[in-house]
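# Close look at the chain arrangement
Letter by letter, the chains look like this.
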Amino acid sequence: MNVLAKPADLEAAAPAGAFVEEVTSVQHYTDRLFKFRMTRPASFRFRSGEFVMIGLMIDGKPLYRAYSIASPSWDEELEFFSIKVPDGPLTSHLQGIKPGDAVLMKKKPTGTLVNDALIPGKRVYMFSTGTGIAPFASLIRDPDTYEKFDQVILTHTCREVAELKYGEELVEQTKNDPLIGELAAEKLVHFTSVTREDFPRKGRITDLIESGALFEHLGVPPLDPAIDRGMICGSMDMLRDTKALLEKAGLKEGANNKPAEFVVERAFVG
Ligand code: A2P
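Predicted model, so just to flag it, every value in this text is computed and none were measured.

### A few points about the nonpolar core
One finds M126, F136, I140, V152, L154, L188 and M231 to be the most contacted residues of the largest nonpolar core, which totals 28 residues. With 4 residues, helix α3 (residues 134-139) is the single largest residue contributor to this core. When near neighbours in sequence (up to four residues on either side) are disregarded, V152 contacts V124, M126, I140, T145, Y146, K187, L188 and V189.

### Considerations on the pairing of strand β7 (residues 123-129)
Of all 7 residues in β7, 7 are buried, a share of seventy percent or more. Two strands pair when backbone bridges link them, and β7 and strand β8 (residues 151-158) are joined in this way by 7 bridges, in the parallel orientation. Its bridge partner being in β8, T129 is matched across the sheet by T157. Pairing of β7 with strand β10 (residues 228-234), which is carried by 6 bridges, proceeds in the parallel orientation. The partner of Y125 across the bridge, within β10, is G230.

### Points about the sheet that holds strand β4 (residues 61-68)
Spatial strand order, β4-β3-β6-β1-β2-β5: 6 strands in an open sheet with antiparallel pairing. The open sheet has two edge strands, β4 and β5 (77-83), and neither has a second partner. Strand-to-strand twist across the sheet, computed as the mean angle between neighbouring axes with direction ignored, equals 40°. Pairing analysis gives 7 bridges linking strand β2 (residues 33-39) to β5, with the strands arranged antiparallel. Looking at β5, one finds that F34 is bridged to S82.

What counts as what
- Residues numbered from 1 in each chain as written.
- Predicted model: local features only at pLDDT ≥ 70, side-chain atom pairs only at ≥ 80, totals over all residues.
- Heavy atoms only, no water.
- Core = buried A, V, L, I, M, F, W, Y, C linked by side-chain atoms within 4.5 Å.
- Buried < 20%, exposed > 50% of the residue type's maximum accessible area, 1.4 Å probe, protein only.
- Helix = DSSP H or I, 4+ residues; strand = E, 2+ residues; numbered from the N terminus.
- Contact = heavy atoms within 4.5 Å.
- Pairing = 2+ DSSP bridges.
- Axes fitted to C-alpha atoms, helices over the stretch in contact; angles between N-to-C directions.

Structure follows, in structure tokens:
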């Protein structure tokens, strides 16, 4: 099956409306998660937190899935954090990419997990599970996020400890980054928890919100619609349950054309 082509081969056959980009690095974290970086077209603009359609030519046809862009809007490359689904139509192939391979990207980014969809506040919570951390990897590297909020709390919950590694490396690199390191060191808090292995912080983020254990650990008051803002990214079930807790605390859902106290997005790929 002709799946992974080189950019020069694919350029001629590229579907209309798609960029053909070249993979620059790939890092595998576990048998379920990997990160890849690729070239960024000079004309491609996006807002930190948005997603784009990423694809491969499979049996002569393009196959795309939505991927949050994990790199910030100022980066010269594009970064993505992906799940590997053993028989997933796209990810079963995508997980085999190597530097030099071609990846398709549709030209128009979109999404609601952007700073513009939130009204100003004191503190922003970015609630993520699994690969749902990707849009926040973009936002925590964007100076606008720190301009808008005094405190940025990134929560990441995974089944296993090894799945936290991408986020741990990300936060460390962000705090040492020449551009935003100082701001991040002052304002960014990373909270991790694990559900299916022993770990100092155990449990689903929803349970930790409901019990108050999250706020106790962070040393902050419970959610308050006057000062707290939220962004949520994970599986459909996690989105639904976390959204219900934010609404219970009095926060209202916003959108690009109607900013409010929290926003929700889906970063699920198969
Ligand atoms: P659990 O291990 O209890 O299912 P996944 O990889 O399946 O997307 O899961 C990532 C993390 O999200 C896991 O720690 C999982 O916990 C958690 N999770 C799954 N469903 C929900 C939910 N409805 N609310 C909050 N967290 C959830």
